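A look at the structure
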2 protein chains.
Amino acid sequence: MFKTIEWTPDGVLMLDQRLLPLEEVYVTLADYREVATAIRDMLIRGAPAIGVAAAMGVAIGLREAARETTEEARAARFEDVCQHLAATRPTAVNLFWAIDRMRRKFASLGRLDWAERVAAMEQEAVAIHQEDVECCRRIGRHGQALIADNSGVLTHCNAGALATGGYGTALGVIRAAAENGKRLHVFADETRPYLQGARLTAWELHQLGVPVSVITDNMSGHFMARGEIQAVVVGADRIAANGDTANKIGTFMVAVLAAYHHIPFYVAAPFSTVDFTMSSGRGIPIEERNPREVTHLRETQLTPDGVGIRNPAFDVTPNHLITAIITDQGVARPPFVESLGRLHAL
Amino acid sequence: MFKTIEWTPDGVLMLDQRLLPLEEVYVTLADYREVATAIRDMLIRGAPAIGVAAAMGVAIGLREAARETTEEARAARFEDVCQHLAATRPTAVNLFWAIDRMRRKFASLGRLDWAERVAAMEQEAVAIHQEDVECCRRIGRHGQALIADNSGVLTHCNAGALATGGYGTALGVIRAAAENGKRLHVFADETRPYLQGARLTAWELHQLGVPVSVITDNMSGHFMARGEIQAVVVGADRIAANGDTANKIGTFMVAVLAAYHHIPFYVAAPFSTVDFTMSSGRGIPIEERNPREVTHLRETQLTPDGVGIRNPAFDVTPNHLITAIITDQGVARPPFVESLGRLHAL
């Protein structure tokens with residue numbers, strides 16, 4: 001089975017997701033700047049996975065910071081590393097969460113000698129990775145109970161092992177349901193422009209032996225109307241305190257369609273995806289990516305020269321369209337401001 | 001300016017739409033079988049345009065039928081030609097409407113000598129073409145009044161000059177509004193898998209000088225939520241007597257989203273698109289096309305081998321989601337079973 005990301009003595013090993021599903025190529029990144037570029041260029045993507053990658057990037061960067069000659073210069077370089085990694089992608093909160101956790105760990109190490117600090121920070125990054133996998137398994141256990149036997153399940157983008165440390169959030173729910181003997185057929189939206197559904201979700205589920213059909217993003221309403229879809233499960237890049245959820249562009253449309261057809265719409269994410277500093281989704285920054293993702297597919301030009309292109313990478317689904325938010329801490333139901341608050345207090 | 005289709009002494013001239021927007025290549029088809037293949041392979045597409053192409057194909061086929069030696073053999077060959085052209089694409093009613101009109105014309109010619117019959121049938125095909133262009137201009141005149149100045153207008157697929165004899169239906173409304181001095185910004189859904197929006201609508205509007213931005217099919221909800229879209233205008237492949245409308249896959253989703261955001265959703269089509277033999281959209285056959293349209297983009301493979309693929313080419317938008325149907329006979333408002341019936345009686 002593939003590995004999304006792994007800490008190695010030589011640096012961060014990751015699967016280059018841009019080449020899937022046709023090529024399975026691994027790269028090892030030994031410089032934190034390369035890790036930042038890999039996150040920005042979506043060699044690795046998915047909110048939990050970029051959190052893990054950023055933590056490992058911080059750990060690598062600390063090695064470089066340790067080569068400075070004064071304590072102050074080392075601390076300053078460490079902060080540069082954190083800021084460089086944080087400047088890669090604005091929407092997913094896991095990135096900032098993971099970097100902040102690494103900062104707090106670093107602060108807790110006080111005046112340990114530097115070799116020990118570097119080793120402790122590497123261990124912290126590995127711990128974040130391991131905890132993420134365990135977190136996904138808990139999400140799967142909580143969520144699988146919501147999926148009925150003989151269901152058609154729609155998912156958008158990729159919230160699978162490839163988007164996390166391993167196992168997956170939305171696909172974790174689907175995997176856990178399949179492991180519990182439920183017969184499912186998954187519809188994977190292809191998820192333009194980056195095609196995470198067509199390339200990654202289809203590949204992952206096919207490897208796991210879960211039946212999957214790829215559809216284009218404009219087809220899910222048709223299959224809902226025909227009664228072929230009984231549930232929707234998606235991931236999340238950031239969840240506001242009131243349950244409003246930022247996720248891959250197109251998630252909001254699927255949520256509106258699910259509500260129209262009275263189909264349950266589930267968000268599955270680590271509890272750390274909830275950003276309690278955001279009272280609603282209105283304040284969540286939406287990344288606009290390079291128009292070339294829309295205008296070209298690899299080298300093939302799709303659009304005429306000179307026309308406008310818009311490329312928001314995420315949208316916000318308002319809380320009233322969400323049936324439940326499945327986290328490692330448990331399942332939150334509306335009103336989310338209360339249910340998420342209760343889970344937070346646990 | 002480009003020509004979508006034209007009758008020439010050598011056969012049917014048409015622009016190969018598969019190569020747009022990068023190449024503008026015309027072909028001349030002198031055999032009705034080539035015309036059928038061009039329709040099936042979407043060298044030409046769009047409900048009114050395939051009606052025109054089929055009529056011209058019938059006219060060409062009659063030349064071949066005329067070479068038979070008996071009146072009976074000629075009539076039988078003519079019927080073969082009609083059936084061959086009718087078997088190309090099942091959803092758009094204009095195809096069957098145009099072929100039936102050619103059949104009726106042929107029957108009306110009685111025992112005229114064959115050279116005269118061939119000439120009369122060619123004139124009939126040219127008349128269908130000319131009437132379609134005039135029809136689109138009337139649709140534009142009726143529809144432009146519904147579009148406010150300073151509007152963002154979303155359209156899906158291509159219902160422009162390229163989808164008709166010329167001028168366009170949904171894009172005819174947009175063109176007419178622009179020609180009336182209204183300042184518009186058009187959002188063109190790229191329209192996977194065939195990319196009619198990204199390739200054709202963007203190219204057409206850019207040539208006309210109407211500002212246009214291409215978005216992927218999963219973005220329209222986001223821009224509606226942000227208040228950037230004030231109206232939706234789409235074409236139609238077949239409209240049932242109650243107003244239910246079959247159109248390019250994804251149209252239904254846009255209609256649900258427009259209703260959710262209280263944005264008017266307009267269908268623009270020749271009145272001949274209304275199929276009064278269908279009481280509702282439930283009976284409209286939905287074409288399923290080759291999975292390769294989803295799995296590959298030109299030579300680039302997008303999906304892993306071995307996964308399921310679904311590729312319905314159309315969906316049905318229920319009448320309650322449609323604000324008005326704009327036809328050459330006038331604008332129909334709900335309840336459509338009455339308003340379309342009144343226009344039918346004119």
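What comes next is a walk through the structure. (Residues numbered from 1 in each chain as written. Chains lettered and ligands numbered in written order. Predicted model: local features only at pLDDT ≥ 70, side-chain atom pairs only at ≥ 80, totals over all residues. Heavy atoms only, no water.)

1. Some points on the relation of the copies chain B and chain A
In plain terms, the rule: Alignment of copies: least-squares fit on C-alpha atoms of residues with pLDDT of at least 70 in both copies. Note on contacts: a residue pair is in contact if any heavy atoms of the two residues lie within 4.5 Å.
For the pair chain B and chain A, the relating rotation is 180 degrees, the translation along its axis is 0.0 Å, and the fit reaches an RMSD of 0.0 Å. Given the turn and translation reported, the copies of this chain are related as if by a two-fold rotation axis. Minimal C-alpha distance to the rotation axis in chain B is attained by Asp-217 of chain B, lying at 3.1 Å. Mapped onto chain A, 100% of the interface residues of chain B again fall at the interface, so both copies present the same surface.

2. Thoughts on the sheet that holds strand E1 (residues 5–8) of chain B
All names here are of chain B. Selection rule: The rule for pairing is simple: two strands pair if DSSP sees at least two bridges between them. Note on conventions: DSSP H or I runs of at least 4 residues are helices, E runs of at least 2 residues are strands, and numbering of each starts at the N terminus. Axis definition: a line fitted to C-alpha atoms, limited for helices to the stretch in contact. Angles are taken between N-to-C directions and run from 0 to 180 degrees.
Strand order in the open sheet formed by three strands is E1-E2-E3, and the pairing between neighbours is antiparallel. The sheet is open, and its two borders are formed by E1 and strand E3 (26–29), each paired with just one other strand. Averaged over all pairs of adjacent strands, the angle between their axes in this sheet comes to 25 degrees, without regard to strand direction. Note: E1 against strand E2 (residues 11–15), four bridges, orientation antiparallel. Note on E2: the bridge partner recorded for Thr-8 is Gly-11.

3. Examining the sheet that holds strand E15 (residues 314–317) of chain B
Residue and element names in this part refer to chain B. The strand order across the open sheet built from four strands is E11-E8-E9-E15, with neighbouring strands paired in mixed fashion. The sheet terminates laterally at strand E11 (274–275) and E15, the two strands that pair on one side only. Across four bridges, strand E9 (residues 245–248) lies against E15 in antiparallel orientation. Of the residues in E15, the one forming a bridge with Thr-245 is Thr-317. Packed onto the sheet, helix H9 (residues 251–260) meets E9 and E15 and runs at close to 30 degrees relative to E15.

4. Overview of the packing of helix H2 (residues 47–65) of chain B against helix H5 (residues 114–144) of chain B
Residues and elements named next belong to chain B. Test applied: If an angle is under 35 degrees, it is roughly parallel; if it is over 145, roughly antiparallel; if it lies from 65 to 115, roughly perpendicular; otherwise it is oblique. Side-chain classes are defined by residue name, with Ala, Val, Leu, Ile, Met, Phe, Trp, Tyr, Cys and Pro counting as nonpolar, Asp, Glu, Lys and Arg as charged, and the others, Gly among them, as polar.
Axis separation between H2 and H5 bottoms out at 9 Å; the angle between their running directions is 170 degrees. One finds that H2 runs roughly antiparallel with respect to H5. Touching Pro-48, Val-52, Ala-55, Met-56, Val-58, Ala-59, Leu-62 and Arg-63 of H2 are Trp-114, Arg-117, Val-118, Met-121, Glu-122, Ala-125, Ile-128, His-129 and Asp-132, all from H5. In the contact of H2 with H5, the residues fall into twelve nonpolar, one polar and four charged.

5. As for the pairing of strand E4 (residues 151–155) of chain A
Residue and element names in this part refer to chain A. Test applied: Each residue's exposure class comes from its accessible area (1.4 Å probe, protein chains only) as a fraction of the maximum for that residue type: buried when under 20%, exposed when over 50%, partly exposed otherwise. Whether a crossover is right-handed depends on one test, that the path from the first strand over the helix to the second runs clockwise when the strands point away from the viewer.
Among the five residues that make up E4, five are buried, leaving the element largely enclosed by the rest of the structure. Alternating positions in E4 separate into two faces, Ser-151, Val-153 and Thr-155 on one and Gly-152 and Leu-154 on the other, with burial throughout. Here E4 runs beside strand E5 (residues 184–189); their pairing, made up of five bridges, is parallel. Within the sheet, the bridge partner assigned to Gly-152 lies in E5 and is His-185. In this region the chain leaves E4, passes through helix H6 (residues 170–179) and returns to the parallel neighbour E5; the handedness of that crossover is right-handed. Across two bridges, E4 lies against strand E7 (residues 231–234) in parallel orientation. Looking at E7, one finds that Val-153 is bridged to Ala-231.

6. Some thoughts on the packing of aromatic side chains
Short version of the rule: Ring geometry is summarised as follows: Phe, Tyr and Trp rings, the Trp one being its six-membered ring, pair when their centres sit within 6.5 Å, and such pairs are stacked at plane angles under 30 degrees, edge-to-face over 60 and tilted between the two. The rule for a charge over a ring is simple: NZ of Lys or CZ of Arg within 6 Å of the ring centre, and within 35 degrees of the ring normal.
Here the structure, examined in full by the defined rule, presents twelve aromatic pairs over all chains. Pairing Phe-2 of chain B with Trp-203 of chain B gives two aromatic rings, centres 4.9 Å apart and planes at 40 degrees, and the pair type is tilted. A residue pair is termed long-range when its members are at least 10 positions apart, and Phe-2 of chain B in the segment before E1 and Trp-203 of chain B in helix H7 (residues 196–208) qualify at 201 residues. With respect to class, Phe-2 of chain B is no different from Trp-203 of chain B; both count as buried. Ring centres of Phe-106 of chain B and Trp-114 of chain B lie 5.8 Å apart, and the angle between their planes is 50 degrees; on these two criteria the pair is classed as tilted. Under the relative-accessibility criterion, Phe-106 of chain B is labelled buried at 12%. Among the aromatic residues, ring-to-ring pairing joins Phe-78, Phe-106 and Trp-114 of chain A into one connected group. Between Arg-199 of chain A and the ring centre of Tyr-194 of chain A, over which it is positioned, the NZ or CZ distance is 4.9 Å. Over the aromatic face of Trp-114 of chain B sits the side chain of Arg-117 of chain B, whose NZ or CZ is 4.2 Å from the ring centroid.

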